[in-house]
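Each chain, letter by letter, is given below.
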Amino acid sequence: MPVYFPREIIHAANGLAIGILGGGDKKLIIKGDAYYQSYICHMPRSIIELALDKHFEGFDGFIFPSICDVIRNLSGMFQLMEIGKFVKYLDFPQNFMPHIGGTFYRHELQTVLDQVYKLNGVEVTAQKLNHSIGLFNLNRQLICKLYDIRQEFPWRLTAADVYHIVRAGYVIPVEEHNEILEEVIRHMQQEFGDPLDKIRVLVIGAFCEQPPAGLIKTIELAGCYIVEDDFLLGARWIQGDIDTAGSDPLGAITQAYLDMSTFSSSVYDVGNPKEARLLQLIRQRKIDGVIFAAPSFCDPALLDHPILQKECNDKGIRFASFLYSENTGQFKVIKEQVGTFSDSIKLWD
Amino acid sequence: MSKEVAKERSMIIQKEMITRQFKELSMAGETGKKVVYTFVPGNISELILSFDMLPVYPEINALQSGMRKKSGGYIRDAEQHGHSEDVCTYVKCDVGMMLSGNIGPTGEKIPKPDLLLLSYTGCFTFMKWFETLERLYPGVPVAMLHTPYQEAHKITPEMTAYMVKQLKEEVIPKMEKVSGNKYDEEKLKSILRNSSKVEDYIVKIFDTTKHRPSPIDAYFAGVYYIGPINSGFRGTPQAVDYYAELYKEILERIDNKLGPITPEGVMEEERFRLVVEGPPNWTHFREFWKLFYDMGAVIVASSYTKVGGVYDMGFRVNPDKPLESLAEYCMNCYTNLNLQQRVDLLSKCITDYHADGFLVNSIKSCNSFSAGQLMIMQKLERKLEIPIGFIESDLVDPRYFSYSNIKNRLESFFQMLEQRKMMNIQS
């Protein structure tokens, strides 16, 4: 499940961690609506629909990282429905001291490993885990490289293409994904295409329930290049490499979460304010404007918006804002809104 | 609706306690007492009181604003300041109240916080709420106390250790700095001894609904009964006295075979006994209660009265292990229980208190309660074959209270209960 999970530990245990990101705009929701009231976001109802339609038959366990109350209670629903051989709600610490939050988090990860061990009997050695960490370090480096190239030459590959390439990594082995990324990067490093007269935007708010691909395309068709975003945030969650040479790789993964996490609506930010980190990103990516796109009824994202928007206002950064759900099918209004936003920046700034 | 509200002595005592509390708060600037904002679930008020600081509960202020018909305006103000229509209305009400001068329910100004104690227990939005307040009160320190969720149906030693370390190294040092007082464990223990007595009373009081007629309503009146323990009096001698008096009154009612006191008067005939899941609506509280009164429906147990602590499964604070005990108290709050535990607890209430039906008041603003409620209903219906009802409203947003909708649904539910009774008699 979104947003972040250290997939390295499952890889080291000879497992494959699959990211479940909802049913998107392809899955018709019939039964899922009977499990959720109308004022609850869309993603959990599509996940329930997928479960009831037996799309998860081959899965052994389900891990629900702490994001919000809805995902927390979805873990309870999976427990009540007895889906999979184990269901684990992974409580990420909101205390970032190594001997407090770190100790707790490490124990949480060990609990996951113990569950996997019960299923396949594979012992996770330091050597195996260091190897897996190395593969995921490379994966993040390649994704970051992809984003770097795209922010410099956004006409070479669309944001929707980048999105699909990164998302593929949620369902295939990391070794295979790394090969694909390397090939794409080789391709993107060649000069082709011509820049269009578009503004450079950062899209934020989509950290959990993913926007439909049509919405990403719509933003770019309406006069914007998306050069930074928080789609599929888990793939880039750890900002840098995790140590692969030590004798305590689980400790290294724990420490990386405490020290090297990106910012997100699901993480307590006092002491490390998200608005400052957003500004840093805006400067780094040379952003012309910010698009706040959040799923309807998403408390974490929507409660962040007034804080982030105030900062944008104070710093004179232009922004637009709208809501979506993973199965939004009509983009005309959004296209007009984003088009107007893009025009206003191009014409007046 | 204009009839004068009937009141018992305990109600008058509670009103006096709250009036004094808000008076003391309004004078904090002169007395120099430090003010701590915190939440009801996982409210470690004993620790706050042990430092001679004054607690303020933004949720209580929000619900009071709802009852006093002020929340609608506050919510609109917050929305004008960029808050979405989709998010928790407690947060928006609190932000709106602050923008309007932070005037409390008694008409006196509530002082600014000296410390924001983020007891992050059973509700993710609490964290976002205090991130918002931190920006509205720049420079005020925030002490985070992360309460792990009971995902595996139990409290593990690692969970307790995590919380105790946070108390020792995050919360207490900040309280010492803000208050200027050193942590006094003996003082905390003595406060906790009173808490333990109050917890005993709470269990006895809510257990009286086993009687027929039930002498109390465990939802509408229940929210008043849990008032003192959840609003700054936990561990105080006043709370012990209040609960002793309340329990005495209830025992008298049992002796006299009297039903619950309601704002409309004593309920004369108990027709239906219900267990209710979910918080009440505060903006139309009296009208909401009257819908049940008119039908002779008494709530014999409710999950909402356990939101500030679950005591009927045996938990009591242990003064000999003060910090461990505070940690376990937090982890035992209702919304920190997983769905299976909630089903089990509700099932026990339905069985123990001989409920005729189970009703969910699904609150738009509260995902912690609401997400999963439809599955809880399904499980209880299958397990106990009990009639289930479902209504929707909101905490403090008057736009989401539709009287006629709720009335229609309740009437259908009561008809179903009536039919079930007839069928039971016939069989």
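Owing to the predicted nature of the structure, the values given are computational and were not obtained by experimental measurement.

1. Concerning the nonpolar core
General note: in soluble globular proteins, nonpolar side chains tend to be found buried as a group. Among the nonpolar cores identified, the biggest contains 232 residues, and Val201(A), Leu118(B) and Val275(B) are the most heavily contacted of them. Inspection of this core shows a minimum of three residues originating in each of domain 1 (9–187) and domain 2 (194–426) of chain B.

2. A closer look at the domain arrangement of chain B
All names here are of chain B. As far as domains go, chain B holds domain 1 (9–187) and domain 2 (194–426). Summarising the inter-unit geometry, the C-alpha centres of domain 1 and domain 2 are found 24 Å apart. Contact with domain 1, which involves 50 residues of that partner, is made by 42 residues of domain 2. Contributions of two or more residues to the side of domain 1 that touches domain 2 are made by helix H1 (9–26), helix H3 (45–50), helix H4 (58–67), helix H5 (71–80), helix H6 (89–99) and helix H8 (157–179). With seven residues, the top contributor of residues to the side of domain 1 that touches domain 2 is H1. Residues of the side of domain 1 that touches domain 2, tallied by class, amount to 26 nonpolar, 18 polar and six charged.

3. Regarding the pairing of strand S8 (residues 297–302) of chain B
Residues and elements named next belong to chain B. Counted residue by residue, S8 has six buried out of six residues, so it is predominantly covered. Here five bridges tie strand S7 (residues 272–277) to S8, and the two strands are oriented parallel to one another. Across the sheet, Val 275 pairs through a bridge with Ala 301, a residue of S8. In terms of handedness, the path from S7 via helix H13 (residues 285–294) over to S8 forms a crossover that is right-handed.

4. Brief notes about the interface of chain A and chain B
The interface of chain A with chain B comprises 38 residues on the first partner and 44 residues on the second. Ranked by the residues each element gives to the side of chain A that touches chain B, the list is headed by helix H3 (residues 69–81) of chain A, at nine residues. For the side of chain A that touches chain B, the residue count by class is 22 nonpolar, eleven polar and five charged.

Calculation notes
- Residues numbered from 1 in each chain as written.
- Chains lettered and ligands numbered in written order.
- Predicted model: local features only at pLDDT ≥ 70, side-chain atom pairs only at ≥ 80, totals over all residues.
- Core = buried A, V, L, I, M, F, W, Y, C linked by C-beta atoms within 7 Å.
- Buried ≥ 20, exposed ≤ 12 C-beta atoms within 10 Å, placed from the backbone.
- Domains from an automatic or database assignment.
- Contact = placed C-beta atoms within 7 Å.
- Helix = DSSP H or I, 4+ residues; strand = E, 2+ residues; numbered from the N terminus.
- Nonpolar A, V, L, I, M, F, W, Y, C, P; charged D, E, K, R; others polar.
- Pairing = 2+ DSSP bridges.
- Right-handed = clockwise from strand over helix to strand, strands pointing away.

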